[in-house]
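In case you want the letters, here they are:
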Amino acid sequence: EWRSDLQSSILEAMETEQGYVYAQPRPCPFTWVYNYGPFIEDKIEAVSNLLIKYEKMEITSLLEQALWKAHIVNDGVFESVQDVRNNVVLQQNFDYMEYLNKAKIICGSEIVIPKVINFLGW
């Protein structure tokens, strides 16, 4: 979803009253010939803000995953998430998905992440 959102924003930013910004065949595929319109800077800023939004979403997602994995390891029962999955072989009644979901709920991310976001000034 975010890729199509970003792609449409980039294409919209590239659109000008005089035409489109178009790719010029050059050795580097990221070389662009710009046909600047009067509002292109605003459009580029909108795309930049969208990139920042998705970057922040990815950072918070990675932080949540790190907290979740740290909770599993620090619990003292398992050394990794893979050990949790492998435990099904050792214990027949063990539901590793239930264990992982409970660990995600009680890992403390709902407390830590808002504080980190506040600290970073987002």
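The structure displayed is predicted, hence computed values, not measured ones. Residue positions are given per chain, counted from 1 along the sequence in the order it is written. Note on the predicted model: pLDDT of at least 70 is required for a residue's local features to be given, and 80 or more for side-chain atom pairs to be given and counted; whole-chain, interface and lining totals, by contrast, use all residues. The side-chain quantities take in all heavy atoms of the structure and omit both hydrogens and water.

Chemist: Describe a nonpolar patch on the surface, with residues and values.
Modeler: Residues form patches when they are more than 30% accessible in relative terms and have no salt bridge. Like charges link within 9 Å. Nonpolar side chains (Val, Leu, Ile, Met, Phe, Trp, Tyr) link within 5 Å. Only the protein chains shown count as cover for residues, and all accessible areas are computed by the Shrake-Rupley method using a 1.4 Å probe. One speaks of a salt bridge when a side-chain nitrogen belonging to Lys or Arg is within 4 Å of a carboxyl oxygen belonging to Asp or Glu. Together, Ile 59, Phe 119, Leu 120 and Trp 122 make up an exposed nonpolar region whose accessible area comes to about 450 Å². Segments assigned H or I by DSSP are reported as helices when at least four residues long, segments assigned E as strands when at least two residues long, and all are numbered from the N terminus. Summarising the element assignment, Trp 122 is placed in the segment after helix H5 (109-120). A simple rule labels every residue: compare its accessible area, found with a 1.4 Å probe on the protein chains alone, to the largest value its type can have, and call it buried under 20%, exposed over 50%, or partly exposed in between. Accessibility expressed as a relative area gives 39% for Trp 122, which makes it partly exposed.

Chemist: Can you lay out the nonpolar core for me, pointing to particular residues and giving the numbers?
Modeler: Judged by nonpolar contacts, Leu 67, Trp 68, Ile 72, Phe 78, Val 81, Val 84, Phe 94, Leu 100, Ala 103, Cys 107 and Ile 113 together constitute the single largest core of 11 residues. Among the secondary structure elements, those contributing two or more residues to this core are helix H2 (40-74), helix H3 (81-90) and helix H4 (96-106). Sort the elements by how many residues they give to this core and H2 lands first, with three residues. What makes two residues a contact is simply this: any of their non-hydrogen atoms within 4.5 Å. The residues contacting Val 81, other than those within four sequence positions of it, are Lys 69, Ile 72 and Leu 100. Buried residues of nine kinds, namely Ala, Val, Leu, Ile, Met, Phe, Trp, Tyr and Cys, make up a nonpolar core once their side-chain atoms join them within 4.5 Å.

Chemist: I'd like a description of the packing of aromatic side chains, backed by residues and values.
Modeler: For Phe, Tyr and Trp, rings pair up if their centres lie within 6.5 Å, where Trp contributes its six-membered ring, and each pair is then called stacked (planes under 30 degrees apart), edge-to-face (over 60) or tilted (otherwise). Using the criterion set out here, one finds three aromatic pairs in the structure. Seen from their ring centres, Phe 78 and Tyr 99 are 5.2 Å apart, and the 75° between their planes marks the pair as edge-to-face. Here Phe 78 is found in the loop between H2 and H3, whereas its partner Tyr 99 is found in helix H4, with 21 residues between them in sequence. Arranged with centres 5.8 Å apart and planes meeting at 45°, the rings of Phe 94 and Tyr 99 form a pair that is tilted. An aromatic cluster of three or more residues is present, and its members are Phe 78, Phe 94 and Tyr 99. Across the ring face of Trp 68, the terminal group of Lys 104 is positioned such that the distance to the ring centre comes to 5.0 Å. Either the NZ atom of lysine or the CZ atom of arginine qualifies as a charge over a ring when it sits within 6 Å of the ring centre and within 35 degrees of the ring normal.

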